Amino acid sequence: MRLYAVVAAGQFRRFATYRTATAAGVFTNTVFGFILAYTYVALWDERPQLGGYDMSQALSYVWLGQALLMTCSMMGGGFENELIERIRTGDVAVDLYRPVDLQLWWLAGDLGRAAFHLLGRGIVPMLAGSLAFDLALPSSPGVWVAFLVSVGLGVVVSFAIRYLVALSTFWLMDGAGMAQMSWLAGMFFSGMLLPLTLFPGVLGDVARALPWSSMLQVPADVFLGKYPGWELVGAYAFQAGWALALLLVGRMVQSVATRRVVVQGG
Amino acid sequence: MADTTGAVEVAGAADGPGGRSADWPDAVFAERSRFVEGVRAYGLIAMMWLRSTMAYRASFAMMAFGNFAATAFDFVSILLMFSHVDRLGGYTLPEIALLYGVAGTAFGLADLLLGSMDRLGARVRDGTLDTLLVRPVPVLAQVAADQFALRRLGRVIQGVLVLGYALVALDIEWTPLKVAMMPMMLLSGAAVFGALFVAGAAFQFVAQDASQVQNAFTYGGNTLLQYPPSVFAKDLVRGVTFVVPLAFVNWLPALYVLGRDYPLDLPVWVAFLPPVVAVLCWLPAGLGWRSGLRAYRSTGS
C-alpha cells in the first residue's frame, strides 16, 4: 500500500515539474471555457431550463468540463501512451517481473497525475469562469466533498478504459488507432460537447448509461446538487460499478495477454 | 558538396533580413530562390512522410477517419443545439453552417500545411532542432513539413462538406463578387491561420513547453469562428478584429455574402480586406520566426 502511495506521489511531482506547460494549459482551458460559455449563453437565452439546467448551472457545467478535461483524461494523453510504448517495445516484460501488481501500479500513478491536474489545470479556469460569469457554486462544504469523491470515481473509470486501450497493443502492435477511437468516444459520451441531458431520445439514454458519463456528466450533476440525499449513493454506485467491472475486465485481459507474452518468449 | 552550400544557407538564415542588404539585386534573387527552395524542400519532405505513412494503410485509414470524426463532432454538437432551438444568436443553422464551413476549411488547409509547427517547442527541448539547422534547407520548411500528416485532410473534407451543405441550404442572391469571395475567403483565411501557426512556433523559441498557448489561438480561434459574432461579448469581437484579426477569416467576408449586418458597426468594404490582412499577418509572424531562430541557443545536449 505504501509503495502505491509513493508511486502516486511521484507522478504528482513529475507533472508538477512542467510549470510552463501547466500555465499554458490553464490559458487554453480558460480560452475554450470563454468560447463555450458564450455559446451556452446564446443557447440558454433561447431556451431557459434546457436539459433541466438554468443559465448559471449550464455555465458551471462548461467550466467544470474545462476543469475536469485533463483530470479525467477525456481526450486521452495520460499514462496509456507510455504503457503502449512499453508493450510495443517489449519493455513490459521487465515490468511483469517486478513484485508489484501491474494494474495497481499504473492506477496509482494515474491517480497522482489526476490529482495534480485537478489542482494545476482545474482551479484557475474555474476561478476565471466564476469571475466572468454567474456560476452556481455549491454553498455547502458537503457538496464539494461529494463532488471530489465523484471525480475520484470518474478518474478510476477513465483509467480502467485507457488501461484496456493500452492492453490492446498486445494484439494490435500499434496503439495509436485504438487510443484515438477511445478519446473520440470519451469526448462524445462524457458530456464534454454538450450535457448528455440534451442528447435526444435513445441516444441520450444510451449515452447516460455508458461508463464515459462517469467522467463529467455525473460529477457535474453532483456538483450542481442534482443528487439529493440517497440519490447520491445511486450515482456513486453507477460510477463504482463501471469502475469495478472495467478493472476486472482489464485484469482478465492482462492475464490472457501476459500468457501470450510468455508464449512469444517476449 | 551539399554541406558547403548548407553552411552558407544556415548562415544566411541566421543573419536575417539585414545580412544581404549591401547588394540589392542579389538580395532579391537570393530571397526568391530561398523561397522556391523552401517550397521544393517542403514538397520532398512531405512526400517522404507520405510514403512512410502509406506503409501502414489500415492505420492511415483509421487515423484519417478519426481526424474527420473528431472535427465532425463540433458540427454534431451544433446540430444537437439546433434540435432544441431554431436560431442561435439570431442565426439559422444554414447560416452558421456557412461560417463553420469557411472557418473549418480554411483552418484545415493551414493545419494540413503547417500543423506540425507546434512540435517546435519539443524540438527545442530535446535538441533535435540542431539537426535541422545544419541541413542546406530553410529551417521553416523543414519544421513545417516534419511529420507531414495527410490524415489532416480529414478536417478539410469535413469543412468542405459542411460548406457544401450551407451553399445548398442557403438562399443567397449570388453576384459575381459574392462568388469570387468564396475562394478568396478560404485562401486568405488559411493564410491568416498559417501566420498564427508560424507566430506560435516563434513564441515557442522563448517558451519551450507552451504549445498549448498556440492551440488556444489556432484551434480556439477556429472554434470561435464557427459561431456568429452576435454570440460573443463585444470586447472579444473587438479583440479578434483588431488585435488577432481572425474576424477576417470568415465573419466579415461571410456576413457580406449572407447580407448580414457587421459587428461593431464596421463599414462594408472591410469584407474585401482579408487578402491584405493575410499579408499583414505574415509580416510580424515572419519577423518573429527570424528573430526567434536567430536568438536560438541549443540546449547543448
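Owing to the predicted nature of the structure, the values given are computational and were not obtained by experimental measurement.

Asker: Lay out the packing of aromatic side chains with the relevant residues and their values.
Answerer: Inspection of every chain in the model, using the stated rule, returns 30 aromatic pairs over all chains. Site record: aromatic cluster; members linked through ring pairs are Phe34, Tyr38, Trp63 and Phe133 of chain A together with Phe232 and Trp251 of chain B. Over the ring of tyrosine 91 of chain B we find arginine 260 of chain B, and its NZ or CZ is 4.0 Å from the ring centre.

Asker: Which residues make up the packing of helix H3 (residues 57-82) of chain B against helix H8 (residues 153-169) of chain B, and what values do they have?
Answerer: All names here are of chain B. Where H3 contacts H8, the axes come no closer than 7 Å and their chain directions differ by 40°. One finds that H3 runs oblique with respect to H8. The crossing of H3 and H8 is right-handed. Contacts from Ala64, Asn67, Phe68, Thr71, Ala72 and Phe75 in H3 reach Gly154, Arg155, Ile157, Gln158, Leu161 and Val162 in H8. Of the residues assigned to the contact of H3 with H8, the class counts are seven nonpolar, four polar and one charged.

Asker: Pulling in residues and values, what's your account of the pattern of salt bridges?
Answerer: Counting across every chain of the model gives 15 salt bridges over all chains. The salt bridge involving arginine 98 of chain A is made with aspartate 95 of chain A; its shortest N-O contact spans 2.9 Å. With relative accessibility at 6%, the residue aspartate 95 of chain A sits in the buried group. Here aspartate 111 of chain B and arginine 155 of chain B are joined by a salt bridge, their closest N and O atoms 3.6 Å apart. One end of the pair, aspartate 111 of chain B, is in helix H4 (residues 93-114); the other, arginine 155 of chain B, is in helix H8, with 44 residues separating them in the sequence. What makes arginine 155 of chain B buried here is its relative accessible area of 12%. Through salt bridges with shared partners, one network takes in Glu80, Asp110, Arg113 and Arg162 of chain A.

Asker: Describe the interface of chain A and chain B, with residues and values.
Answerer: Contacts between chain A and chain B engage 32 residues on the former and 35 residues on the latter. Roughly 2900 Å² of surface becomes buried between chain A and chain B when both sides are summed, with 77% attributable to carbon and sulfur atoms. In this structure, the connection of chain A to chain B is made through zero salt bridges. Across the chain A-chain B interface, the total number found is five residue pairs in polar contact (both at pLDDT 80 or more).

Asker: Now, about the environment of alanine 16 of chain A: what can you tell me, with residues and values included?
Answerer: Relative to the helices and strands, alanine 16 of chain A resides in helix H1 (residues 2-16). For the pair formed by alanine 16 of chain A and phenylalanine 116 of chain A, sequence separation is 100 residues and the distance between their alpha carbons is 6.7 Å.

Asker: Can you lay out empty space enclosed by the protein for me, pointing to particular residues and giving the numbers?
Answerer: Residue and element names in this part refer to chain A. Under the criterion given, the structure shown has four cavities of 30 Å³ or more. Quantified by volume, the largest cavity comes out at close to 60 Å³. If you trace the largest cavity, you find it lined by Ser73, Met74, Gly76, Ser158, Ile161, Arg162, Ser182, Trp183, Gly186, Trp212 and Met215. Looking at the lining of the largest cavity, the elements that each hand over two or more residues are helix H7 (141-167) and helix H9 (176-189). Tallied by class, the residues present in the lining of the largest cavity amount to five nonpolar, five polar and one charged. The space that makes up the second largest cavity amounts to roughly 40 Å³. Those elements that place two or more of their residues in the lining of the second largest cavity are helix H2 (19-46) and helix H3 (55-71). With four residues, H3 is the largest single contributor of residues to the lining of the second largest cavity. Across the lining of the second largest cavity, the residue classes tally to six nonpolar, three polar and no charged.

Asker: Residue-level account of a nonpolar patch on the surface, with values.
Answerer: Residues Leu119, Ile123, Val124 and Leu127 of chain A make up a contiguous nonpolar surface patch of roughly 360 Å² in combined accessible area. Mapped onto the fold, isoleucine 123 of chain A is located in helix H6 (residues 102-132).

Asker: Can you tell me about the confidence of the model for chain B, naming the residues and giving the values?
Answerer: Residue and element names in this part refer to chain B. The predicted model of chain B averages 84 in pLDDT, with 88% of residues at 70 or higher. Below a pLDDT of 50 lies the segment residues 1-23, which in the model reaches 22 contacts outside its immediate sequence neighbourhood of four places, other chains included. Per the prediction output, this complex has pTM 0.87; the corresponding ipTM is 0.86.

Asker: Can you explain the side chain of threonine 241 of chain B? Please cite residues and give values.
Answerer: All names here are of chain B. Relative to the elements of secondary structure, threonine 241 occurs in helix H11 (residues 234-243). A relative accessible area of 4% places threonine 241 in the buried class. Other than its neighbours up to four places away in sequence, threonine 241 contacts Ala247, Phe248, Leu252, Leu264 and Leu266.

Asker: Break down the side chain of aspartate 146 of chain B for me, citing the residues and quoting the values.
Answerer: Residues and elements named next belong to chain B. Checked against the element boundaries, aspartate 146 lands in the loop between helix H7 (139-145) and H8. One polar contact links aspartate 146 to arginine 119, side chain to side chain, over a distance of 2.6 Å. Non-local contacts of aspartate 146, meaning those with residues more than four positions away in its chain, are made with Ile45, Trp49, Ser116, Arg119 and Arg123.

Asker: Talk me through unusual backbone geometry; I want residue IDs and the actual numbers.
Answerer: Residue and element names in this part refer to chain A. Its identity as a non-glycine residue notwithstanding, glutamine 49 has a phi of 70°, on the positive side. By the secondary structure assignment, glutamine 49 is in the loop between H2 and H3. One non-glycine residue with positive phi stands out, namely serine 73, at about 45°. Relative to the helices and strands, serine 73 is located in the loop between H3 and helix H4 (80-89). Assessed through its relative accessible area of 5%, serine 73 is described here as buried.

Asker: Tell me about the environment of leucine 64 of chain A, and name the residues and values.
Answerer: Residues and elements named next belong to chain A. Among the structural elements, leucine 64 can be located in helix H3. What makes leucine 64 buried here is its relative accessible area of 1%. Taking the C-alpha atoms as reference, leucine 64 lies 15 Å from lysine 226; in sequence the two are 162 residues apart. Look past the residues within four positions of leucine 64 in its chain and what remains in contact with it is Met126, Phe147, Leu216, Ala220 and Phe223.

What counts and how
- Residues numbered from 1 in each chain as written.
- Chains lettered and ligands numbered in written order.
- Predicted model: local features only at pLDDT ≥ 70, side-chain atom pairs only at ≥ 80, totals over all residues.
- Heavy atoms only, no water.
- Phe/Tyr/Trp six-rings, centres within 6.5 Å; stacked < 30°, edge-to-face > 60°.
- Lys NZ or Arg CZ within 6 Å of the ring centre and 35° of its normal.
- Axes fitted to C-alpha atoms, helices over the stretch in contact; angles between N-to-C directions.
- Helix = DSSP H or I, 4+ residues; strand = E, 2+ residues; numbered from the N terminus.
- Parallel < 35°, antiparallel > 145°, perpendicular 65-115°, else oblique.
- Left-handed = near helix turned anticlockwise from the far one by under 90°.
- Contact = heavy atoms within 4.5 Å.
- Nonpolar A, V, L, I, M, F, W, Y, C, P; charged D, E, K, R; others polar.
- Salt bridge = Lys/Arg side-chain N within 4 Å of Asp/Glu carboxyl O.
- Buried < 20%, exposed > 50% of the residue type's maximum accessible area, 1.4 Å probe, protein only.
- Buried area = accessible area lost by both parts, 1.4 Å probe.
- Polar contact = N/O pair within 3.5 Å; in protein donor to acceptor, adjacent residues only side chain to side chain.
- 1 Å grid on protein atoms, 1.4 Å probe; cavity = no way out; pocket = protein on both sides within 12 Å on 5 of 7 lines; lining within 4 Å.
- Points joined across faces, edges and corners; volume = space filled by probe spheres on them.
- Patch = residues over 30% accessible without salt bridge, like charges linked within 9 Å, V, L, I, M, F, W, Y side chains within 5 Å.
- Areas by Shrake-Rupley, 256 points an atom, 1.4 Å probe, with all protein chains shown as cover.
- pLDDT = per-residue confidence, 0-100.

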